[in-house]
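Observations on chain architecture
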2 protein chains.
Amino acid sequence: MVDKIDKQILRLLQLDAKKTTKEIAAALGLTTTPVHERIKKLEREGYIQQYSIRIDRKKVGLMMMAFCSVSLKNHERSFIEKFERDIQMLDEVIDCYHIGGMFDYLLKVLVPNMDEYQRFISKKLADLDNIGTVQSSFVMSEIKHSTQIPNQFL
Amino acid sequence: MVDKIDKQILRLLQLDAKKTTKEIAAALGLTTTPVHERIKKLEREGYIQQYSIRIDRKKVGLMMMAFCSVSLKNHERSFIEKFERDIQMLDEVIDCYHIGGMFDYLLKVLVPNMDEYQRFISKKLADLDNIGTVQSSFVMSEIKHSTQIPNQFL
DNA sequence: CTTGAAAGCCCTGAGGT
DNA sequence: ACCTCAGGGCTTTCAAG
């Protein structure tokens, strides 16, 4: 379990993972040792899954983002598992969720431009077996892109 | 602009932001100085927007994730701007995209459980002015949750 | 744009309260 | 569970190729 101090550490690291143990300790009124041990524990027990950077996608040429709702034709277990394995191979799909509602899956897709998106849909996605309906929604602007966990829960 | 080496640095840091300058230098066959300067440049010029950690949401009690499609009643500029400002205030909304298609906005929402979700929809979201239709899709499982930028574009 | 070295700070672990 | 303290490694900077 995590206590209040652990949660504060997670919150600070979420905002800036480069913050030093020393800085975090100062912010919490502790010394570096307990902070260091808590961080190691959070890593070991999987609360912290990864240290990463957020990259400006447009600066590296990925101008187009879309959400793609997909429903399958056949819902037998083996078909579902195959689809979920295939999706892992598609680099353009950065997120994929199995959802309840009118569609089966929601995909978040990142590509350089509309041509590449069309190529993705018609050449890569449509090439998978068992694809029923596909419906695309293009992102016009990103209103909010917060860090993972709402502060009220940390 | 970023060259091939910069892109490799971004890729490595995306996978593990704790990698030391020394390790990255070794991986690229360079010394620490040029790598350090390139990283500073990538930070300064905004390619790297943030250093962060990925937290296991379920381990901190956020068992429920949902996508929420929202359409507005009134589409005048001032109403749109108000909605976009209001959304920033809602902690449970971790992502919000202005999209083209049947709805106006797609929200990614994180809450502890169904009760909290209902409270969010009926007390917080519905309390905003100008909300037309709302349609929720619950995430049953996360098939893929990759780091931001597809490797083929780095 | 590269190298190599040097100073300083940080992480990290031992031992004590 | 926290603090003090010290060793070793890393970042960061600078002079020079």
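The structure we're discussing is the one just above.
Residues numbered from 1 in each chain as written. Chains lettered and ligands numbered in written order. Predicted model: local features only at pLDDT ≥ 70, side-chain atom pairs only at ≥ 80, totals over all residues. Heavy atoms only, no water.

Attention now moves to the state of the cysteines. All names here are of chain A. Evaluated as defined, the whole model comprises zero disulfides over all chains. You can see C96 has no disulfide; the closest cysteine sulfur is in C68, sitting 9.8 Å from it. Overall, C96 belongs to the buried group, its relative accessible area being 0%. (Disulfide = S-S within 2.5 Å. Buried < 20%, exposed > 50% of the residue type's maximum accessible area, 1.4 Å probe, protein only.)

Residue and element names in this part refer to chain B. Where helix 2 (residues 21-28) contacts helix 3 (residues 32-44), the axes come no closer than 9 Å and their chain directions differ by 110 degrees. With respect to their mutual orientation, helix 2 and helix 3 come out roughly perpendicular. Here the hand of the crossing between helix 2 and helix 3 comes out right-handed. Counting all contacts with helix 2, which are made through T21, K22, I24 and A25, the residues of helix 3 involved are T32, V35, H36 and I39. Residue composition of the contact of helix 2 with helix 3, grouped by class: four nonpolar, three polar and one charged. (Axes fitted to C-alpha atoms, helices over the stretch in contact; angles between N-to-C directions. Helix = DSSP H or I, 4+ residues; strand = E, 2+ residues; numbered from the N terminus. Parallel < 35°, antiparallel > 145°, perpendicular 65-115°, else oblique. Left-handed = near helix turned anticlockwise from the far one by under 90°. Contact = heavy atoms within 4.5 Å. Nonpolar A, V, L, I, M, F, W, Y, C, P; charged D, E, K, R; others polar.)

Residues and elements named next belong to chain A. Residues other than glycine seldom take positive phi values, yet N130 does so here, at roughly 75 degrees. As for its placement among the helices and strands, N130 is situated in the loop between helix 5 (114-125) and strand 5 (131-145). When its relative accessible area of 10% is taken as the criterion, N130 is described as buried.

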